[in-house]
Amino acid sequence: MIGGVLRGARRIIANLKPIKVPEGPARSFRDLWPGDAARGARLLRGEFEAFGTTRPLRPQEDEGPPRSTDWIAANTNGSTASAWHAAAHGFAWLRDLRALGTDAARMRGRTLAADWLAFGSHDPLAEAPEVAGARISAWLGHWDFLAATAEDEFRKQLMQRLAQDARGVVAGLPAEAAHRGALVALKGGMAGAVALGEETWLARCVRFLPQELERQFRPDGGHVERSPAMQLAALQDLIEIRNLLHGAGVEAPPQLAATLDRAAPALRMLRHADGGLALFNGTRDEQAAFIDLVLTQGQSRGRPPPFLPDTGFHRLAASRTLVLIDCGAPAPARRDATPGGLPRGADRNAHAGTLSFEMSVGRERLIVNCGAAPAADGEWRDAMRATAAHSTLVLADTNSSELRPDGLGRRVDAVTTDRFEEDGKLWLDATQDGWQRQFGVRHRRRLFLSDSGDTLIGEDLLEPVREVNVPAFVLRFHLHPSVTASLQQDEQGALLRLSSGVGWRLRTGPGIRVAIEESIYLGGEARRSNQVALHAEAGTTALQWSLARVGVPAPTTPESQPE
């Protein structure tokens, strides 16, 4: 509370001081990352796509009746409408126009920037530190594309707003957000300080960098938001900060290189063999080539660890089979929001998917989670965050953690994990207590992966902690859209066939109803898919299942784990 008041006071005082605004940036900047020409073409048509959600983004017409601006949300509801508008205000979409490489794309960038200065710049959301920081970085990284050959008045307006934003961001350090947004704000403050030649501002940013790195990254290198997508984005931030300080001739704190060396292997740990990311906690498909580029720029060659003990992810790999499991408690919450409505908690994109898993065979995905829609309307966004959208157990149609617009409410508190390895065989034993208060049971998931990778055996248990009547539950296995599924004749399992033709057989025991049901895959564009659902009646406390490659006998119980 006191810290927030002090930050506000510093920003007010900073805004009272005059600032010398140069005609252009003191040094050249270069945005490191490739854009998407298809998204750039959409911008030319007046549409902006962010996190899978497309909405109009059109400049006001010189002729014709005025209309409401697309920059400002009619109704902000926590992180739902705000996520798309925050991305619009952040201007990272300039790289998509740059990817088109046409004069029309350049002019659309200038027209939208001028429109934003006239109609969108006064939105409180635009002044949120993480949004302002992103915009500073985007403008400077695309200065040659956006403004170098523009009219003097346009460049003057950009530089004046950039200076205003940088002054506010630097004065407000350390940023209050408990998620990646604080790192984005710090990065933008640094870029603005270098561009404006403000050595005092830059020194302030560098002074706060070590503590921000400690807040953002756990000792195992995992990002505090527990999202593979945020792991990738935060690694990009670290690379940009390193390059920025090097270009400015400023010695970076040693914590920066150390954090990079931990964060890059953690990102590798969260990849499937096709190079893409596992779909946990707000993550969508990302091109493998782009992830490769980020890892190359990171200059860290560390191998992916088998697990992230502090962040809570495990990796079971044998031969061509890979299983990735979410074995961590949700990211920490914070209930207050920025003036623009953006949530401040690290759980802003958290899903109720504790103990869910994904499985791939070679470069083909077999078992997946449904993906994410972080910028969609509330109901659609929450449908992807629900426990039922993950490959795990769903008790009484109830989420393991309560979904709120700004994060999670009631939540999984304690997760325990034991891992064993012997002669290439892998065992994982994990529990979570998300349903303990309401239903009086803990969910326990036991997995065994054979040394050949041909068999994955699981057991899901509901362990009562008091005298209770255990409700009915469903065990869900969401399938990648490329997988076809058919019920076995005895209705005790299903045959799953990959696009390569390789088959896997999912089996369970008597008394469990096996059904193939509709699902959806929202890793990228929405695609229809299927899921295998194992329905257990009330009173059932254990369900055993196995996934075995066709042609390999499917045992019903795993080998005993080592002592």
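Because the structure is a prediction, the values reported are computed rather than measured. (Residues numbered from 1 in each chain as written. Predicted model: local features only at pLDDT ≥ 70, side-chain atom pairs only at ≥ 80, totals over all residues. Heavy atoms only, no water.)

1. Description of unusual backbone geometry
Phase 1 of the analysis: Here Leu173 and Pro174 are connected by a cis peptide whose omega angle stands at -5 degrees.
Phase 2 of the analysis: Following the sequence through the fold, Pro174 ends up in the loop between helix 8 (152-171) and helix 9 (181-196).
Phase 3 of the analysis: One non-glycine residue, Asp397, lies in positive phi territory at about 55 degrees.
Phase 4 of the analysis: When you line up the elements, Asp397 lands in the loop between strand 8 (393-395) and strand 9 (403-404). (Helix = DSSP H or I, 4+ residues; strand = E, 2+ residues; numbered from the N terminus.)

2. A few points about the pattern of salt bridges
Phase 1 of the analysis: Across all of its chains, the model carries 39 salt bridges by this definition.
Phase 2 of the analysis: A salt bridge links Arg344 to Glu176, with the nearest nitrogen and oxygen atoms 3.3 Å apart. Linking Arg344 in the loop between strand 5 (321-326) and strand 6 (357-361) with Glu176 in the loop between helix 8 and helix 9, this pair joins segments that are 168 residues apart in sequence. The pair Arg344 / Glu176 is uniform in exposure class, with both members buried.
Phase 3 of the analysis: For Asp347, the salt bridge identified is with Arg411, shortest N-O distance 2.6 Å. (Salt bridge = Lys/Arg side-chain N within 4 Å of Asp/Glu carboxyl O. Buried < 20%, exposed > 50% of the residue type's maximum accessible area, 1.4 Å probe, protein only.)

3. Quick notes on the pairing of strand 6
Phase 1 of the analysis: Among the five residues in strand 6, five count as buried, and that is most of the element.
Phase 2 of the analysis: Of the two faces of strand 6, the one lined by Phe357, Met359 and Val361 and the one lined by Glu358 and Ser360 are each fully buried.
Phase 3 of the analysis: As defined by bridge partners, strand 5 adjoins strand 6 across five bridges and the pair is classed as antiparallel. Bridged to Leu322 within strand 6 is Ser360.
Phase 4 of the analysis: Here strand 6 runs beside strand 7 (residues 364-368); their pairing, made up of three bridges, is antiparallel. For Ser360, the partnering residue across the bridge sits in strand 7 and is Arg365.
Phase 5 of the analysis: Where strand 6 folds back on strand 7, the antiparallel hairpin that results is connected by two residues, among which Gly362 adopts a positive phi of roughly 60 degrees. (Pairing = 2+ DSSP bridges.)

4. With respect to the environment of Leu244
Phase 1 of the analysis: Structurally, Leu244 is set in helix 11 (residues 228-247).
Phase 2 of the analysis: When the C-alpha positions of Leu244 and Arg301 are compared, they lie 22 Å apart, and in sequence the two are 57 residues distant.
Phase 3 of the analysis: The residues contacting Leu244, other than those within four sequence positions of it, are Arg27, Phe29, Lys187, Met190, Ala191 and Val194. (Contact = heavy atoms within 4.5 Å.)

5. Regarding the side chain of Arg226
Phase 1 of the analysis: Note on placement: Arg226 falls in the loop between helix 10 (199-216) and helix 11.
Phase 2 of the analysis: Looking at Arg226, its side chain comes within polar contact range of the main-chain oxygen of Ala329, at 3.5 Å.
Phase 3 of the analysis: Not counting the four nearest positions on each side in its chain, Arg226 is found in contact with Arg218, Asn281, Thr311, Gly312, Phe313, Asp326, Cys327, Gly328, Ala329, Pro330 and Ala331. (Polar contact = N/O pair within 3.5 Å; in protein donor to acceptor, adjacent residues only side chain to side chain.)

6. Some points on the nonpolar core
Grouped burial of nonpolar side chains is what soluble globular proteins tend to show.
Phase 1 of the analysis: Ranked by internal contacts, the top residues of the largest apolar core, which has 74 residues, are Phe48, Phe91, Trp93, Trp139, Met190 and Leu235.
Phase 2 of the analysis: Apart from the residues lying within four places of it in its own chain, the contact partners of Met190 are Leu202, Cys205, Val206, Leu209, Ile241, Leu244 and Leu245.
Phase 3 of the analysis: Among the nonpolar cores identified, the runner-up in size contains 42 residues, and Phe357, Val441, Leu498 and Trp545 belong to it. (Core = buried A, V, L, I, M, F, W, Y, C linked by side-chain atoms within 4.5 Å.)

7. Some points on the sheet that holds strand 13 (residues 441-449)
Phase 1 of the analysis: In spatial order, the strands read 11-12-13-14-21-18-17-16; together these eight strands make up an open sheet with antiparallel pairing. Edge positions in the open sheet fall to strand 11 (415-422) and strand 16 (484-487), since each of these has one partner strand only. Between one strand axis and the next, the sheet turns through 15 degrees on average, direction left out of account.
Phase 2 of the analysis: The pairing of strand 16 with strand 17 (residues 493-497) spans four bridges and is antiparallel. Its bridge partner lying in strand 17, Ser486 is registered against Leu495. (Axes fitted to C-alpha atoms, helices over the stretch in contact; angles between N-to-C directions.)

8. Thoughts on the packing of aromatic side chains
We describe a pair of aromatic rings using the distance from one ring centre to the other and the angle between the two ring planes.
Phase 1 of the analysis: Summed over the entire model, instances satisfying the criterion amount to 13 aromatic pairs.
Phase 2 of the analysis: For the pair Phe91 and Trp116, a centre-to-centre distance of 5.7 Å together with 85 degrees between the ring planes defines the contact as edge-to-face. Here Phe91, found in the loop between helix 3 (80-90) and helix 4 (94-100), pairs with Trp116, found in helix 5 (residues 103-120); they are 25 residues apart in sequence, far enough to count as distant. In this pair, the class of Phe91 matches that of Trp116, namely buried.
Phase 3 of the analysis: The interplanar angle of 40 degrees and the centroid separation of 5.3 Å between the aromatic rings of Phe280 and Phe313 together place this pair among those described as tilted. Taken together, the residues Phe280 in the loop between helix 12 (254-269) and helix 13 (288-298) and Phe313 in strand 4 (residues 313-318) connect sequence positions 33 residues apart.
Phase 4 of the analysis: Note on Phe280: relative accessible area 2%, which makes it buried.
Phase 5 of the analysis: By the ring-pair criterion, three or more aromatic residues cluster together here, those being Trp71, Phe91, Trp93, Trp116 and Trp139. (Phe/Tyr/Trp six-rings, centres within 6.5 Å; stacked < 30°, edge-to-face > 60°.)

9. A few points about the pairing of strand 13
Note on strand geometry: in a regular strand, side chains alternate between the two faces of the sheet.
Phase 1 of the analysis: Here strand 12 (residues 425-432) pairs with strand 13 via seven bridges, running antiparallel. Paired with Ala430 across the two strands is Arg445, which belongs to strand 13.
Phase 2 of the analysis: Bridging between strand 13 and strand 14 (residues 455-464) involves nine bridges; their strand directions are antiparallel. For Arg446, the partnering residue across the bridge sits in strand 14 and is Glu459.
Phase 3 of the analysis: Where strand 13 folds back on strand 14, the antiparallel hairpin that results is connected by five residues, among which Gly453 adopts a positive phi of roughly 75 degrees.

10. Points about helix 12
Phase 1 of the analysis: The terminal C-alpha atoms of helix 12, which comprises 16 residues, lie 24 Å apart, in line with the 22 Å expected from a rise of 1.5 Å per residue.
Phase 2 of the analysis: Within the sequence span of helix 12, burial applies to Leu256, Thr259, Leu260, Ala263, Ala264, Pro265, Ala266, Leu267, Arg268 and Met269.
Phase 3 of the analysis: Of the surrounding elements, those touching the buried residues of helix 12 are helix 10, helix 11, helix 13, strand 3 (307-308), strand 4 and strand 5. (Expected span 1.5 Å × (residues − 1).)

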